[in-house]
Amino acid sequence: MSDPVLTVAESLKDRARAALGSRNLILVGLMGAGKSSVGRIVAHQLGIPFVDSDAEIEKVSRMSISELFAAYGEEEFRALETRVMKRLLKNGPRVVSTGGGAFINDRTRKHIKKGGVSIWLKADLDVLWERVSKRDTRPLLKTENPKQTLENLMNARYPIYELADLTVLSRDVRKELMADEVLQAVIDARTESAA
Ligand SMILES: Nc1ncnc2c1ncn2[C@@H]1O[C@H](COP(=O)(O)OP(=O)(O)OP(=O)(O)O)[C@@H](O)[C@H]1O
Ligand SMILES: O=C(O)C1=C[C@@H](O)[C@@H](O)[C@H](O)C1
Ligand SMILES: [Mg+2]
């Protein structure tokens, strides 16, 4: 007899895969929300390719994000990010995890909106701070009071992340559970739009 737990998990993947069709699934949200780590699991579950825009930018430029910011400044970084995102979104389905500022840029957001289903991983300040304070690879947080900077970014950006098609609350639960919630959100959105 089939295991009912396994059957539920299989059906979650299958239903989410069917709901997504040929569209991309694009994860947006602040630094530390879990876009890269949860996105990778979601792609594996769906059996479709995973790409991370920060990693892709580092690959094409052969520089780290910190080096890019230091050498060319944020504006040039954003222009490169827009071009890379446009290319990554051309063929679907893929799971695309974005850098924290991608969805905030008007031009990049237009490509994301056109390129598939966007999902905001929304987290509170303490969750984000606990995660990002462990590494100092994020140029925007190299300030005197990085926690305050993160809070300022939240206040400025949350009204824009809200424009994403879907939202999932990112919290300190297993990443696999977060991934399941992303899959469920994709299914629910499809069901609602069909109703
Ligand atoms: N659900 C979770 N529970 C515990 N730790 C998590 C969870 N999700 C992510 N993390 C950890 O938080 C850190 C940041 O996660 P991740 O790199 O996926 O975030 P991000 O949204 O891609 O950030 P950035 O915008 O800087 O790329 C990583 O160390 C990751 O392992
Ligand atoms: O939130 C942001 O603006 C950024 C987040 C990172 O993912 C990187 O894309 C870069 O450090 C900028
Ligand atoms: Mg990331």
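Residues numbered from 1 in each chain as written. Chains lettered and ligands numbered in written order. Predicted model: local features only at pLDDT ≥ 70, side-chain atom pairs only at ≥ 80, totals over all residues. Heavy atoms only, no water.

Caption draft 1: The UniProt feature "binding site: substrate" (unreviewed entry) in the protein, seen in detail. The UniProt entry lists D54, R78, G100 and R157 under the feature "binding site: substrate" (unreviewed entry), expressed in the numbering used here. Within the secondary structure, D54 is located in helix α3 (residues 53-61). Leave out the neighbours within four places in its chain, and D54 touches I65, F77 and G99. Tracing the backbone through its elements, the reader meets G100 in the loop between β3 (95-97) and α5 (106-115). (UniProt positions renumbered as here; feature names shortened; annotations may be inferred. Helix = DSSP H or I, 4+ residues; strand = E, 2+ residues; numbered from the N terminus. Contact = heavy atoms within 4.5 Å.)

Caption draft 2: Representation of the UniProt feature "binding site: Mg(2+)" (unreviewed entry) in the protein in the model. Mapped onto this numbering, the UniProt entry annotates "binding site: Mg(2+)" (unreviewed entry) at S36. Following the sequence through the fold, S36 ends up in helix α2 (residues 35-46). Among all residues touching S36, those that are not within four sequence positions of it are F50, D52 and S97.

Caption draft 3: Inspection of the site of ligand 1 at higher detail. Around ligand 1, a shell composed of 17 residues is seen, among which K35, S36, S37, R138 and K175 lie nearest. One of the side-chain N or O atoms of S37 is found 2.6 Å from an oxygen atom in ligand 1. Contacts to ligand 1 include R171, whose backbone N or O atom sits 3.4 Å from a nitrogen atom. Here ligand 1 loses 77% of its free accessible area of 630 Å² to cover by the protein chains. Only α2 and α8 (175-194) provide two or more residues apiece to the shell around ligand 1. The greatest single-element share of the shell around ligand 1, amounting to three residues, is contributed by α2. Classifying every residue of the shell around ligand 1 by side-chain character gives five nonpolar, five polar and seven charged. (Near = heavy atom within 4 Å. Polar contact = N/O pair within 3.5 Å; in protein donor to acceptor, adjacent residues only side chain to side chain. Areas by Shrake-Rupley, 256 points an atom, 1.4 Å probe, with all protein chains shown as cover. Nonpolar A, V, L, I, M, F, W, Y, C, P; charged D, E, K, R; others polar.)

Caption draft 4: A look at the site of ligand 2. Close to ligand 2 lie M31, D54, I65, F77, R78, G99, G100, G101, P139, L140 and R157, which account for all nearby residues. Separating an oxygen atom of ligand 2 from a side-chain N or O atom of R78 is a distance of 2.6 Å. The fraction of the free accessible surface of ligand 2 (310 Å²) that becomes covered by protein chains is 94%. The element that contributes the greatest number of residues to the shell around ligand 2 is helix α4 (residues 65-88), accounting for three residues. Taken together, the residues that form the shell around ligand 2 break down as five nonpolar, three polar and three charged.

Caption draft 5: The packing of α4 against α5, seen in detail. It is the contact of α4 with α5, at a shortest axis distance of 9 Å, that shows an interaxial angle of 5 degrees. Relative to α5, the element α4 is oriented roughly parallel. Across the interface between the two elements, T82, M85 and K86 from α4 touch R107, T108, H111 and I112 from α5. (Axes fitted to C-alpha atoms, helices over the stretch in contact; angles between N-to-C directions. Parallel < 35°, antiparallel > 145°, perpendicular 65-115°, else oblique.)

Caption draft 6: Layout of the packing of aromatic side chains. As enumerated under the stated definition, the model contains four aromatic pairs in all. When the ring of F69 is compared with that of F77, the centres are 4.8 Å apart and the planes differ by 40 degrees; the resulting orientation is tilted. The exposure classification of F69 matches that of F77, with both residues buried. Grouping aromatic residues by their ring pairs yields a cluster made of W120, Y158 and Y161. The ring of F103 is capped by R109, whose NZ or CZ atom sits 5.9 Å from the centre of that ring. (Phe/Tyr/Trp six-rings, centres within 6.5 Å; stacked < 30°, edge-to-face > 60°. Buried < 20%, exposed > 50% of the residue type's maximum accessible area, 1.4 Å probe, protein only. Lys NZ or Arg CZ within 6 Å of the ring centre and 35° of its normal.)

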